[in-house]
Amino acid sequence: GAVVSQHPSRVICKSGTSVKIECRSLDFQATTMFWYRQFPKKSLMLMATSNEGSKATYEQGVEKDKFLINHASLTLSTLTVTSAHPEDSSFYICSARVPRAGQRYNEQFFGPGTRLTVL
Amino acid sequence: TQLLEQSPQFLSIQEGENLTVYCNSSSVFSSLQWYRQEPGEGPVLLVTVVTGGEVKKLKRLTFQFGDARKDSSLHITAAQPGDTGLYLCAGVKTNAGKSTFGDGTTLTVKP
């Protein structure tokens, strides 16, 4: 099956610093990737849709200058949390749309997630 | 307002019991997926349902899509401890190109 990796798996940083999270599709090309945020024992909250070669589409209430998304290749999308603060601490998960699925089905392969802790 | 509501939110049962998880909405979806997530990991796709009234089986798991494509259910027969996890339904609205996730059902199966 298709594999999506995320790096790092855990990161602890000081308030005010920026953190970059990488999401890679290892054995397939991902035109569309998604970034989610998940709070403990809660569901996934879509932050943005990342399309290769174009600007990301952010969900309402998500600050695009705060959460910078770059999808420069068909196998890599990055999320940079700029000037992180403790309230940004969360579990961030990326996913890649299954190539055969298309928009109607939007089946996704998920990465293992990144636990961000901002002190 | 949650677009997709799942019930129950938490479920703790003994090994061997049956259970049903529900995913309800007032919106129509072009497709709906069910995922299972274990702690500290990303969700894993279990199934996609597309046609109203569709029933799909995956070993002991039975998935159904409502006739009007507004709701879905997941039934597990003879639950096992390995079924423990967070079950998420995700609906895709026509031409939306993105998924809306339900609020999840945390299932614990005790040996």
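Use the structure listed above.
First, a word on scope: everything that follows refers to the structure included in this document. (Residues numbered from 1 in each chain as written. Chains lettered and ligands numbered in written order. Predicted model: local features only at pLDDT ≥ 70, side-chain atom pairs only at ≥ 80, totals over all residues. Heavy atoms only, no water.)

Right, let's talk about unusual backbone geometry for a bit. With an omega of 0°, the peptide bond between A:H7 and A:P8 qualifies as cis. Here the residue pair B:S7 and B:P8 is connected by a cis peptide bond, since its omega of -10° sits within 30 degrees of zero. Residue position: B:P8 is located in the loop between β1 (5-7) and β2 (10-14). Phi is positive for B:K59, close to 55°, though the residue is something other than glycine. Following the sequence through the fold, B:K59 ends up in the loop between β6 (55-58) and β7 (61-65). (Helix = DSSP H or I, 4+ residues; strand = E, 2+ residues; numbered from the N terminus.)

It is worth spelling out the layout of surface pockets at this point. When its volume is computed, the largest pocket comes out at roughly 490 Å³. Lining the largest pocket are 27 residues, and of these A:L44, A:M45, A:L46, B:T100 and B:F101 lie nearest its centre. Of all the secondary-structure elements, those providing two or more residues to the lining of the largest pocket are β4 (32-38) and β5 (44-51) of chain A together with β9 (85-92) and β10 (99-101) of chain B. Residues of the lining of the largest pocket, tallied by class, amount to ten nonpolar, ten polar and seven charged. The volume enclosed by the second largest pocket comes to roughly 350 Å³. Taken together, 16 residues form the lining of the second largest pocket, with A:K41, B:E38, B:P39, B:G40 and B:L86 sitting closest to its centre. (1 Å grid on protein atoms, 1.4 Å probe; cavity = no way out; pocket = protein on both sides within 12 Å on 5 of 7 lines; lining within 4 Å. Points joined across faces, edges and corners; volume = space filled by probe spheres on them. Nonpolar A, V, L, I, M, F, W, Y, C, P; charged D, E, K, R; others polar.)

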